[in-house]
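Tertiary structure, described
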Amino acid sequence: MTQKFVSYLKSQIGQLKITADENSINSILFVFDNTQLENENSNEILEICKKQLNEYFVGERKEFDVNINQEGTEFQQKVWNELVKLPFGKTVSYNYIAERVGGKNMMRAVGSANGKNQISIIVPCHRVIGSDGSLTGYAGGMWRKEWLLKHEDKYSNEERQLGLGF
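Structure report, in brief. What you are looking at is a predicted structure, and each value in this text was computed from that prediction instead of being measured. (Residues numbered from 1 in each chain as written. Predicted model: local features only at pLDDT ≥ 70, side-chain atom pairs only at ≥ 80, totals over all residues. Heavy atoms only, no water.)

Concerning the overall build of the protein chain
Along the protein chain, the regular secondary structure elements total 5 helices and 5 strands. Secondary structure elements in the protein chain, listed N-terminal to C-terminal, are β-β-β-α-α-β-α-α-β-α. Relative to the 2.2 N^0.38 estimate, which gives 15 Å for 166 residues, the radius of gyration of the protein chain is 16 Å and therefore close to what a compact globule would have. Projected onto the principal axes, the alpha-carbon positions of the protein chain cover approximately 45 × 40 × 30 Å. Looking at the protein chain as a whole, 46% of its 166 residues qualify as buried. Once local pairs closer than 6 in sequence are excluded, the contacts in the protein chain between residues at least 24 apart make up 56%. If you sum the accessible surface of the protein chain, you get close to 9,200 Å²; carbon and sulfur atoms cover 48% of it. Taken as two groups, the 20 positive and 21 negative side-chain charges of the protein chain have centres that lie 5 Å from each other. (Helix = DSSP H or I, 4+ residues; strand = E, 2+ residues; numbered from the N terminus. Rg over C-alpha atoms; globule rule 2.2 N^0.38 Å. Buried < 20%, exposed > 50% of the residue type's maximum accessible area, 1.4 Å probe, protein only. Contact = heavy atoms within 4.5 Å. Areas by Shrake-Rupley, 256 points an atom, 1.4 Å probe, with all protein chains shown as cover. Lys, Arg positive; Asp, Glu negative; His and termini not counted. Charge placed at Lys NZ, Arg CZ, Asp CG, Glu CD.)

What follows is the structure, given as structure tokens:
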């Protein structure tokens, strides 16, 4: 049986519970109820993940390079694989992701897979918005989605101002 590890990270948008096995991050979820906290049982990959998340929150990291692995259907995996390709500071519509994984008629399924993503921030489901530019659902709460998008916009705008972005 695979050993499971857990650690927590306090961030600007609340406490995150991060779980892993020996080789990869399995979830990064927002803690809504502190009575649900478990004893920490950290390992090296959790510590690397926490370091990278801290760098992200201060604008020093735009891409993550920790191994990730979450359970899901083949279709969910396709959606999540598309999400990790989304560049820092950019947003796309559900329709865009649907076309990448099977066609416009898959928009609801994409929304459902997006909502089942267990690896917040690293699998950036917050970068998916409505076709009309509106912010749509986010399991972590709409204020967090808005914060994450503004945070990324701030640091990608700084790059553009310095002539480093596109």
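Having seen it, we continue.
Looking at empty space enclosed by the protein
Scanning the model with the defined rule gives 1 cavity of 30 Å³ or more in all. Taken as a whole, the largest cavity spans an internal volume of roughly 30 Å³. The wall of the largest cavity is formed by Asn-114, Asn-117, Ser-120, Cys-125, Tyr-138, Ala-139 and Gly-140. Residue composition of the lining of the largest cavity, grouped by class: 3 nonpolar, 4 polar and no charged. (1 Å grid on protein atoms, 1.4 Å probe; cavity = no way out; pocket = protein on both sides within 12 Å on 5 of 7 lines; lining within 4 Å. Points joined across faces, edges and corners; volume = space filled by probe spheres on them. Nonpolar A, V, L, I, M, F, W, Y, C, P; charged D, E, K, R; others polar.)

A few points about the nonpolar core
In this structure, Ile-25, Ile-28, Leu-53, Phe-57 and Leu-83 are the most contacted members of the largest nonpolar core, which totals 38 residues. For this core, the secondary-structure elements that each account for two or more residues are strand S1 (5–11), strand S2 (14–20), strand S3 (25–30), helix H1 (44–57), helix H2 (74–83), helix H3 (94–101), helix H4 (107–115) and helix H5 (142–161). When residues in this core are grouped by element, the largest group, 6 residues, is from H1. (Core = buried A, V, L, I, M, F, W, Y, C linked by side-chain atoms within 4.5 Å.)

Comments concerning H4
For H4, every residue scored as buried is listed here: Val-110, Ala-113 and Asn-114. One face of H4 carries all of its buried residues, which in axial projection span an arc of 100°. Buried positions along H4 lie against H2, H3 and strand S5 (128–129). (Arc of directions from axis to C-beta.)

A closer look at the pairing of S3
Along S3, 5 of the 6 residues are buried, which leaves the element largely enclosed by surrounding structure. Between S2 and S3, which pair antiparallel in sequence order, lie 4 residues. (Pairing = 2+ DSSP bridges.)

Let's talk about the sheet that holds S3
The strand order across the open sheet built from 3 strands is S1-S2-S3, with neighbouring strands paired in antiparallel fashion. Because the sheet does not close on itself, it has two edges, and the strands there are S1 and S3. Taking the axes of each pair of neighbouring strands and ignoring which way they run, one obtains an average angle of 20° across the sheet. Sheet analysis places S1 next to S2, joined by 7 bridges and oriented antiparallel. Following the sheet pairing, Val-6 is matched in S2 by Thr-19. Strand contacts of H1: S1, S2 and S3, with the helix running at about 15° to S1, the strand carrying the most contacts. (Axes fitted to C-alpha atoms, helices over the stretch in contact; angles between N-to-C directions.)

Thoughts on H3
Of the positions making up H3, those classed as buried are Tyr-94, Asn-95, Ile-97, Ala-98 and Val-101. Buried positions in H3, seen along its axis, are confined to an arc of 160° and lie on one side of it.

Comments concerning the environment of Leu-135
If you trace the backbone, Leu-135 turns up in the loop between S5 and H5. Classification of Leu-135 by relative accessible area gives partly exposed; the value is 36%. For the pair Leu-135 and Leu-149, spaced 14 residues apart in sequence, the C-alpha separation works out to 9.8 Å. Beyond its immediate stretch of four places on either side in the chain, Leu-135 contacts Ile-129, Met-142, Glu-146 and Leu-149.

Distances and angles like these do not, on their own, reveal function.
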